[in-house]
Amino acid sequence: MRLTPVGPGGPDPGSVDLTDSELYRSGDPQGLWRVMRARAPVWWQEPGETPGFWSVFGHADVQRVLRDHRDFSSEGGNMLSALGSGDPAGGRMLAASDPPHHTVLREVLAPMFSPAAQSGHAAEVRDAVRRVLQPLFDGRPFDLAEVTAEVAMAIVGPMIGVPDADRARLSRLTNMAIAPEDEAFRVRDRRTTLMTAHFEIFQYFADLLESPADISPHHMLGLLRNARPEGEPLSSDDIIYNCYGLLLGSGVTTPHVASAGLLALAEHPEQRAALAADETGIASFIDEAVRWSSPSVHFMRHARRDVEVSGTVIRAGEPVVAWIGSANRDETVFADSFAFDAARSPNRHLGFGMGRHYCLGASVARAGLTVFFEEVLRAGVDVTLTGEIGHLRSNTIAGFTSLPAVAVPVG
Ligand code: HEM
C-alpha cells in the first residue's frame, strides 16, 4: 500500500511491469508512480504476459480518461484483469457499461442510494458497526484487517439485503475475486481461485433470486428483479452481474479506508484530538483517508477513436489504464501530497472516480465510515500495531490482509 513517502530517484520506467501484483504487495508503487508522472506520464507497456496497454499517471490525465465516456469505453472491461480476454459483464454490469444502457441501469439502482433509503438502514448499520468493533472496546488483541472487513459488510449488508450469517463468506469470496494470487485467499492457483469465487458468488445470488419470498423490493435484488428498464425485465444473468458488481465495489474497498484512516489517526495524535473535539471534521478526514489509501488502484477503458492525451495519440481500440493511486499523490494538484492532512481543503481526489461512473456507493461509504470513526473516537482508543503489516497482493485493490493490533486508551 502507498502509505510511505518516497525519496528522489526510483525505478527505471523501462524495466517495469505494471501488472505484476507482487509490486503492490512488496514494492512501493508510489515510488514507481512518482517516476512515471515525471518521466513517462502517458506510457505504453509492451505486450508480455498480458497484451500491451497505455497507462496514465497524472491527475489531469486520469480524470480525463475516467470522465470522458465518449472517448473511452468501459464495455471492454474496466480492470486490467479483463485485458485481452474482454469482460463477459461488458454492456450488462453497470461499471462495465457505456451510456445509454449505463444510464438506464444507474436509474434502476438509484433508489437504493437515496437519502431516505439510507436513513432507513442507519440504526441497523450503527448496531452492526458497534458489534464488529467490540474487540477494540474490550482491549483484546485483534486483527484490524479482519475487523474492518466485517465493518464493510455491516455497512452495505442491510442495503444489499445480505443476512448477517452470510457476510463473512461473501467478504472472503470478493477478496478471492480481486486478489486471486494472494496466499491469504488463493485456492490452489490463480485460475481456480477466480473460478471458485465467481461461481460461488453467482450461485449465491442465483439461489436468492429463486426464493422470491425472501426478496425485499427495497433491497438490491428486489430492485433489479422488479425493474422494467425500456419496458422489459432484466435477464437473470444481468441481475446477477449487477449484484456481483455492487458486492465487489463495496466489499473490497471500504475496509481499507477504515484501516488506513485508523492507522493515520494513531500516527497523528494532534489530528485525532482535533477530530475528537469536533466531529464535524470527520467528513474531510474521510476524504483524506480515501485519497491516502486509494483502495481502487486503477480502472481501465478502451479508446473509442484515435484520441490525443497529453501529446500522445492513443489509437482506437487500445486499452488505457488510469492509475488512481498515482493521481491522488500528484504533487501538482495536492500540496505536500505525501502528508496526511485530515483538514485538507480543497481535496480533489479521484478515489471515487469521476464522471458517469463516479462511485454510486460514495455516499453509503462516507456515511458508514462516519459511523465507524464516530464510534472509535467516542470510545477514546488508539490502535497500536503489534506485528507485521500484510499488504494485499493485487494490482486492482490496495489494501491489507493482516494488521495485528491492540487498542489502547488515548493517553
Ligand atoms: C471507500 C469505498 C469505495 C471506493 C474507494 C470506491 C471506488 C470506486 C471507483 C473509483 C469507482 C469508479 C469506477 C470506474 O470509473 O470504472 C466506483 C464505482 C462504483 N462503486 Fe464504488 N467505491 C467505494 C465504495 C462503494 C460502495 C460502498 C458501493 C455500494 C454500496 C460502491 C458501488 C459502486 C458501483 C456500483 C460503481 C459503478 C458505478 C458506475 O459505473 O456507474 N462503491 N467506486
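Structure: see above.
Residues numbered from 1 in each chain as written. Predicted model: local features only at pLDDT ≥ 70, side-chain atom pairs only at ≥ 80, totals over all residues. Heavy atoms only, no water.

Draft legend 1. Spatial organisation of the overall build of the protein chain. When its secondary structure is counted, the protein chain shows 16 helices and twelve strands. Since a compact globule built from 411 residues should have a radius of gyration of about 22 Å, the 21 Å found for the protein chain is in line with a globular shape. With the C-alpha coordinates aligned to their principal axes, the bounding extent of the protein chain is approximately 60 × 55 × 45 Å. Counted over contacts in the protein chain with a minimum sequence separation of 6, partners at least 24 positions apart contribute 70%. When the accessible surface of the protein chain is totalled, it reaches about 16800 Å², and 54% of it is carbon and sulfur. (Helix = DSSP H or I, 4+ residues; strand = E, 2+ residues; numbered from the N terminus. Rg over C-alpha atoms; globule rule 2.2 N^0.38 Å. Contact = heavy atoms within 4.5 Å. Areas by Shrake-Rupley, 256 points an atom, 1.4 Å probe, with all protein chains shown as cover.)

Draft legend 2. Layout of the pairing of strand β5 (residues 298-303). Counting buried positions over the six residues of β5 gives five, a clear majority of the element. In this structure, strand β3 (residues 72-73) lies alongside β5, joined through two bridges in antiparallel fashion. Opposite Ser-73, over in β5, you have His-302 as the bridge partner. Where β5 and strand β8 (residues 319-323) come together, five bridges link them in antiparallel fashion. By the bridge assignment for β8, His-298 is matched with Trp-323. (Buried < 20%, exposed > 50% of the residue type's maximum accessible area, 1.4 Å probe, protein only. Pairing = 2+ DSSP bridges.)

Draft legend 3. Expanded view of the coordination of the iron atom of the ligand. Its sole protein donor being Cys-359 (SG), the iron atom of the ligand sits 2.3 Å from that atom. Along the chain, Cys-359 falls in the loop between α15 (324-327) and α16 (362-379). (Donors = N, O, S within 2.8 Å, 3.2 Å for Na, K, Ca; no water.)

Draft legend 4. Expanded view of the packing of aromatic side chains. On inspection of all chains with the given rule, the structure shows twelve aromatic pairs. Pairing Tyr-24 with Trp-33 gives two aromatic rings, centres 6.3 Å apart and planes at 45°, and the pair type is tilted. Taken as a pair, Tyr-24 and Trp-33 share a single burial class, namely buried. Ring centres of Tyr-24 and Trp-323 lie 6.1 Å apart, and the angle between their planes is 10°; this geometry places the pair in the stacked category. One end of the pair, Tyr-24, is in helix α1 (residues 21-25); the other, Trp-323, is in strand β8, and 299 residues separate them in sequence. Residue class for Tyr-24 comes out buried when judged on its relative accessible area of 2%. Relative accessible area serves as the criterion here: at 0%, Trp-323 is assigned to the buried category. Among the aromatic residues, ring-to-ring pairing joins Phe-285, Trp-292, Phe-340, Phe-372 and Phe-373 into one connected group. The positively charged end of Arg-291 is found above the aromatic ring belonging to Phe-334, 5.1 Å away from the centroid. Taking the ring centre of Trp-292 as reference, the NZ or CZ of Arg-329 above it sits at 4.0 Å. (Phe/Tyr/Trp six-rings, centres within 6.5 Å; stacked < 30°, edge-to-face > 60°. Lys NZ or Arg CZ within 6 Å of the ring centre and 35° of its normal.)

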